[in-house]
Amino acid sequence: MLYYLFEYLDTYYDLAGAGLFQYISFRSAMAFIVSLMFSTIYGKQIINYLQRKQVGESVRDLGLVGQVEKAGTPTMGGIIIILATLIPVLLFSKIDNVYIIILIVTTIWMGTIGFIDDYIKIFRKNKDGLKGRFKVLGQITLGIFVGVMLYFHPDVTMKEKLPQKFQYETEEGIPVLFADAQKSTKTTIPFLKNNELDYAALLDLFGDGLRDYAWIIFIPIVIFIITAVSNGANLTDGIDGLAAGSSAIIVLTLGIFAWVSGNIIFADYLDVMYIPNSGEMTIFIAAFVGALVGFLWYNTYPAQVFMGDTGSLTIGGIIAVLAISVRKELLIPILAGIFLVENLSVVLQVGFFKYTKKKYGEGRRIFKMSPLHHHYQKSGYHESKIVTRFWIVGIMLAVLTIVTLKLR
């Protein structure tokens, strides 16, 4: 909203300093600062409110060290992350930008699903929360919305190669940087020289003339990614600071990709897909990182608040949408490797237990407990050490992901 106000003041009144709001870097910095201040200052007030309403975590005794002491810690803290993200986004971004619209809808939609889940657990005293099929239905619905918007919306375009001399404006002074941008279903394949994969090309396997129906492949892929990543973030949220810290590293990395992909000069220099209008996502990302860092102020060991499914499902949904929007979804197994391993540990544990129970009449386990971070807790590691080491691994994966810009 402030963007439009200062654009008006700059255009009609030539107000000194108003032109700063035209720069994504300035608005991103402001979004980060406001988000960080809100989450740290008002976060405490929200925590106190949750305590007064007795929105406390009910803990099942799984034999983990320090687990019993966490009973009663306020949960639903994801509200802090959501508010600290949306407020600066509404203030500093172009809210009519298609990518900002998609991200706002994602935040509210996934936040609502998580809130309902937490509400059922806390106030209905049902430890299972929202039934799994309803969660998946919500994720599928969001995936359909995101897939349809990214596939059909006219403002979602891409330009692979720039002309030798790009023309900045016409005779009328109108910018034409986006003039030859085209609709595309291409994405980036890491570590390959000619690193584009066109989802539409997959339809050639079934005959010619089917590329106009590429949405048949694209939308289910979007649904799968959103469901997988949001569930991965949900499973990672098990010990103090793990999900928020790991997510901040992932989102910051995606911010670099969004800024590069949305900048015509750097996209040309790094030989990556130039995605018009995508640079605006940098403002959302800055606000989101500020919210996560501010939330960590209260969520690091010993946690004063838990994010609950309100936060974890929202975080996963946002990360998935950001990766798909900048055409880097195939980098998710590397960048969000922490989420992937946590997911796999649960799948392997459950699958192996069922297999051995059927074959030997007694279920056996690969890990002492899943998700993986609980395995290390059972092995005697303090949770703060586990979290720190997971963060270090996350940073290494983030650096490897960034290196793929030039490593082909």
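Residues numbered from 1 in each chain as written. Predicted model: local features only at pLDDT ≥ 70, side-chain atom pairs only at ≥ 80, totals over all residues. Heavy atoms only, no water.

Draft legend 1. The overall build of the protein, seen in detail. Across its full length, the protein holds 14 helices and two strands. Whereas a compact globule of 408 residues would reach a radius of gyration of roughly 22 Å, the protein reaches 22 Å, a difference of no more than 12%. Dimensions of the protein, computed from C-alpha atoms along their principal axes, come out at roughly 75 × 55 × 35 Å. Every one of the 408 residues in the protein was classed for burial, and the buried ones make up 49%. Taking the contacts inside the protein whose residues are at least 6 apart along the sequence as the reference set, 73% of them involve residues at least 24 apart. Carbon together with sulfur atoms contributes 64% to the accessible area of the protein, which is approximately 20000 Å² in total. Across the protein, the 35 positively charged side chains and the 31 negatively charged ones have centroids separated by 13 Å. (Helix = DSSP H or I, 4+ residues; strand = E, 2+ residues; numbered from the N terminus. Rg over C-alpha atoms; globule rule 2.2 N^0.38 Å. Buried < 20%, exposed > 50% of the residue type's maximum accessible area, 1.4 Å probe, protein only. Contact = heavy atoms within 4.5 Å. Areas by Shrake-Rupley, 256 points an atom, 1.4 Å probe, with all protein chains shown as cover. Lys, Arg positive; Asp, Glu negative; His and termini not counted. Charge placed at Lys NZ, Arg CZ, Asp CG, Glu CD.)

Draft legend 2. Looking closely at helix 10 (residues 308-325). Here helix 10 spans 26 Å end to end across 18 residues, near enough to the 26 Å set by a 1.5 Å rise per residue. Of all 18 residues that make up helix 10, 18 are buried, and the element is covered over most of its length. Looking at the residues trailing helix 10, positive phi occurs at Arg327, about 60°. (Expected span 1.5 Å × (residues − 1).)

Draft legend 3. A look at the environment of Gly111. When you line up the elements, Gly111 lands in helix 4 (residues 98-123). In this structure, the C-alpha to C-alpha distance between Gly111 and Ile249, residues 138 residues apart in sequence, is 21 Å. When neighbours within four sequence positions are excluded, Gly111 is seen to be in contact with Ile82, Thr106, Thr310 and Thr314.

Draft legend 4. How the structure looks around the confidence of the model for the protein. When the pLDDT values of the protein are averaged, the result is 88; 91% of them are 70 or greater. When the elements of the protein are averaged for pLDDT, helix 1 (residues 2-13) gives the smallest value, 78, and helix 9 (residues 281-299) the largest, 97. Long-range and interchain partners of residues 164-176, a stretch whose pLDDT sits below 50, account for 14 contacts in this model, where long-range means more than four residues apart. (pLDDT = per-residue confidence, 0-100.)

Draft legend 5. The environment of Ala84, seen in detail. Within the secondary structure, Ala84 sits in helix 3 (residues 78-92). Residues Ala84 and Met37 lie 47 residues apart in sequence; the distance between their C-alpha atoms is 8.5 Å. When neighbours within four sequence positions are excluded, Ala84 is seen to be in contact with Ser35, Phe38, Ser39, Ala287 and Ala291.

Draft legend 6. The side chain of Ser28, seen in detail. Tracing the chain through its elements places Ser28 in helix 2 (residues 24-52). Take Ser28: its relative accessible area is 9%, and that puts it in the buried class. At 2.8 Å, the side chain of Ser28 and the backbone oxygen of Ile24 are in polar contact. Residues contacting Ser28, with those up to four places away along its chain left out, are Thr282, Ile283 and Ala286. (Polar contact = N/O pair within 3.5 Å; in protein donor to acceptor, adjacent residues only side chain to side chain.)

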